[in-house]
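Okay, here's what each chain looks like letter by letter:
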Amino acid sequence: MKSAVETLNPTRVRLTVEVPFEELKDSLDAAYKKINQQVTVKGFRKGKVPARVIDQRFGRGAVLEEAVNDALPKFYTDAVNEAELSPLGQPEVDITELKDGETLNFTAEVDIRPAIEIPDYSGIEVEVDAVEVTDEDVEKSVEQLRERFASTTPVERAAEDGDVVTIDLEAKVDGEVLEDGVASGVSYTIGSGELLDGIDDAVKGLEAGGEATFTSELKGGSAAGKEAEVTVKVTQVAKRELPELDDEFAQLASEFDTIEELKADSRKRLENMKQYDQATQAQERVLDKLLELVEVPVPEKLLEDEINTRKHNLEHHQLGQMGLDLAKYLEIQGKTEEEFENETREAAIKGIKTQFVLDELVKQEKLNVNQEELTEHLMRRAASSGMSPDQFAQAVVEQGQVPLLVGEVARGKALAVVVEKATVKDTNGEIVDLEDEEDEAAEAETAEASADEKAEEKTEG
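Residues numbered from 1 in each chain as written. Predicted model: local features only at pLDDT ≥ 70, side-chain atom pairs only at ≥ 80, totals over all residues. Heavy atoms only, no water.

A. Seen up close, the overall build of the protein chain. Scanning the protein chain for helices and strands turns up 14 helices and 11 strands. The C-alpha radius of gyration of the protein chain comes to 32 Å, more than 25% above the 23 Å expected for a compact globule of 461 residues. The principal-axis extent of the C-alpha atoms belonging to the protein chain is close to 95 × 65 × 45 Å. The buried share among the 461 residues of the protein chain stands at 34%. Sequence separation of at least 24 residues holds for 69% of the intrachain contacts in the protein chain that already meet a minimum separation of 6. Total accessible area on the protein chain stands at roughly 27600 Å², and carbon and sulfur atoms take up 45% of it. Between the centroid of the 52 positive side chains of the protein chain and the centroid of its 107 negative side chains there is a distance of 9 Å. (Helix = DSSP H or I, 4+ residues; strand = E, 2+ residues; numbered from the N terminus. Rg over C-alpha atoms; globule rule 2.2 N^0.38 Å. Buried < 20%, exposed > 50% of the residue type's maximum accessible area, 1.4 Å probe, protein only. Contact = heavy atoms within 4.5 Å. Areas by Shrake-Rupley, 256 points an atom, 1.4 Å probe, with all protein chains shown as cover. Lys, Arg positive; Asp, Glu negative; His and termini not counted. Charge placed at Lys NZ, Arg CZ, Asp CG, Glu CD.)

Spelled out as structure tokens, the structure:
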């Protein structure tokens, strides 16, 4: 086999391949065997029809077509490996010549990873937000914790702001009750804004047994986005009572003995979380600076596929779960379709460039991914997906996505190398040390989870 490569543009090549006919022998034998199993010829046992009879009865062309279809992937792969190419997607193959007993010639056009040169990036400088935790921030955090430990007591009076009401709901559109528009025993805190627009005004002033009707645009379900006539009936009114902000509350809600210790811990947690946000901001801004330094051509077909994938995921997964279509989403976002298209295209271009550049850095820096790093990444991805680590790992293996996860970890390590060499200052002009901030954030999240567990235990108790 002989092959040659023609560069069509920085991201696309044409392979020209010439295959001597003798190299098709294995595929021809396989073609005869396959056809033999599929046909019946009088006078011959199934699978025992001679090649010459198959040629006479079904045509040599059918055999050649089967053989070529079988052989092409191997010859294409051999040509790609010989030229040391990194193809993206499927090739467009054109058989230019097929002479029985002589030769098979074909061309294959395919997108490839562009050659990228990473310049010196040690001079990158970025500015990030300073980590500042105010007394107001601490008070707000403690108040949120206090809210989680609130108790409710049924009262015999009209519902007021802040009360927790138990309600039954029925929604009608065009006079018809929706199949998914009936709910009973729903607990709702007046003023929380967690249900339908207009429900607060409807239930305020009602006592247990009271009923009201209002119109509202449905946020989800089968009639999402439509105006509905909603009937709400209050079955119970309960007063919400917050615990006193004292040492007893600190002992109830945390491992601390005093409220001052609890506040000090809240301040530390907020600092850790803001440091983590600061580190994330630094990574994003360093990446942007790096991409500005590198010339990265983007294959058009790959870009088109990426744009379509992003649109599909948004429309059929994210928006579908919220009961929205694209038109309603754009209306809520205050964007035109043209603005959405431009933003999606820009995001897709950045995503592709980021992957190309970081993958090149992985090779340049000779970075590897060990099992521990892969496991840690898998645990984080599982947590964000809402699946258990075992379930997520099983899904990853079954779908053949382990290489994708390895790539994600490797690219993360590559970006960390660049961030480490960059100069990061906060808005106060101070040099930012980004080491260990992720661990500190993890500690803060653990403390937050502990408080949630305590609140659940109190509720169950």
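B. Focus on the UniProt feature "domain: PPIase FKBP-type" (unreviewed entry) in the protein chain. UniProt's entry tags residues 162-215 with the feature "domain: PPIase FKBP-type" (unreviewed entry), counted in the numbering of this structure. The straight-line gap between the two end C-alpha atoms of residues 162-215 is 22 Å; of that span, 9% is helix and 54% is strand. (UniProt positions renumbered as here; feature names shortened; annotations may be inferred.)

C. Spotlight on the environment of valine 155. Mapping valine 155 onto the fold places it in the loop between strand 6 (151-154) and strand 7 (164-173). In the structure, valine 155 is positioned 83 residues away from alanine 238 in sequence and 5.4 Å away in space, judged by C-alpha atoms. Excluding anything up to four places from it in sequence, valine 155 contacts Val237, Ala238 and Lys239.

D. Spotlight on the sheet that holds strand 3 (residues 87-99). The 4 strands lie next to each other as 1-2-4-3, forming an open sheet whose pairing is antiparallel. Two strands close off the open sheet at either side, each with one partner strand: strand 1 (2-9) and strand 3. Each neighbouring strand pair of the sheet contributes to a mean axis angle of 20°, computed without reference to strand direction. Two elements, strand 3 and strand 4 (residues 103-112), share 9 bridges in a ladder whose sense is antiparallel. (Pairing = 2+ DSSP bridges. Axes fitted to C-alpha atoms, helices over the stretch in contact; angles between N-to-C directions.)

E. Region of the structure containing helix 8 (residues 300-322). End to end, helix 8 covers 32 Å across 23 residues, agreeing with the expected 33 Å (1.5 Å per residue, within 8%). Remark: the principal bend of helix 8, roughly 35°, maps to leucine 314. Of all the residues in helix 8, the buried ones are Leu303, Ile307, Lys311, Leu314 and Leu319. Contact partners of the buried residues in helix 8: helix 9 (326-333) and helix 10 (337-364). After helix 8 finishes, the residue glycine 323 shows a positive phi value of roughly 75°. (Expected span 1.5 Å × (residues − 1). Bend = angle between axes of the 7 residues up to and from the residue.)

F. Local environment of the pairing of strand 1. For strand 1 and strand 2 (residues 12-20), the ladder comprises 7 bridges, and the chain directions are antiparallel. What sits directly across from asparagine 9, in strand 2, is arginine 12. Turn length for the strand 1-strand 2 hairpin, with the two strands adjacent in sequence and antiparallel, is 2 residues.

G. Representation of unusual backbone geometry within the structure. A positive phi angle, close to 55°, is found at glutamate 84, a residue other than glycine. Tracing the backbone through its elements, the reader meets glutamate 84 in the loop between helix 3 (60-83) and strand 3. Phi at aspartate 174 takes a positive value of approximately 55°, unusual for a residue other than glycine. Tracing the sequence through the fold places aspartate 174 in the loop between strand 7 and strand 8 (176-189).

H. Expanded view of the packing of helix 7 (residues 259-293) against helix 10. Where helix 7 contacts helix 10, the axes come no closer than 11 Å and their chain directions differ by 85°. Judged on the interaxial angle alone, helix 10 and helix 7 are roughly perpendicular. Contacts from Leu287, Asp288, Leu290 and Leu291 in helix 7 reach Lys350, Lys353, Thr354, Val357, Leu358 and Leu361 in helix 10. (Parallel < 35°, antiparallel > 145°, perpendicular 65-115°, else oblique.)

I. Focus on the packing of aromatic side chains. Scanning the model with the defined rule gives 1 aromatic pair in all. With 5.9 Å between their ring centres and 90° between their planes, phenylalanine 149 and phenylalanine 249 make a pair best called edge-to-face. In this pair, phenylalanine 149 is assigned in the loop between helix 4 (135-148) and strand 6 and phenylalanine 249 in helix 6 (residues 247-253), connecting sequence segments 100 residues apart. Across this residue pair, the class does not change: phenylalanine 149 and phenylalanine 249 are buried. (Phe/Tyr/Trp six-rings, centres within 6.5 Å; stacked < 30°, edge-to-face > 60°.)

J. Seen up close, the pattern of salt bridges. Counting across every chain of the model gives 33 salt bridges. For glutamate 217, the salt bridge goes to lysine 328, with nearest N and O atoms at 2.7 Å. Taken together, the residues span a long stretch of sequence, with glutamate 217 in strand 9 (residues 211-217) and lysine 328 in helix 9 at a distance of 111 residues. Using a relative accessible area of 30% as the deciding quantity, one classes glutamate 217 as partly exposed. The buried category is assigned to lysine 328, whose relative accessible area is 16%. Counted as one network, the salt bridges with shared partners bring together Glu6, Arg12, Arg14, Glu92, Glu109 and Asp111. (Salt bridge = Lys/Arg side-chain N within 4 Å of Asp/Glu carboxyl O.)

K. Geometry of the nonpolar core. Grouped together as the largest cluster of nonpolar side chains are 34 residues, with contacts concentrated most on Tyr121, Ile124, Leu290 and Leu361. Counting only elements with at least two residues in this core, the list comes to strand 5 (125-128), helix 7, helix 8, helix 10 and helix 13 (402-421). Considering each element in turn, this core owes the most residues, 7 residues, to helix 10. Filtering out sequence-adjacent residues up to four positions away, leucine 361 remains in contact with Ile118, Tyr121, Leu290, Lys366, Ala414 and Val418. Leu15, Val41, Ile54 and Phe75 belong to the second largest nonpolar core, which has 31 residues in total. (Core = buried A, V, L, I, M, F, W, Y, C linked by side-chain atoms within 4.5 Å.)

L. The arrangement of the environment of valine 110 in detail. Along the polypeptide, valine 110 turns up in strand 4. Separated by 30 residues in sequence, valine 110 and lysine 140 place their C-alpha atoms 57 Å apart. With residues up to four places along the chain from it excluded, the contact list for valine 110 reads Thr11, Arg12, Val13, Tyr76, Pro87, Leu88, Gly89, Gln90 and Pro91.

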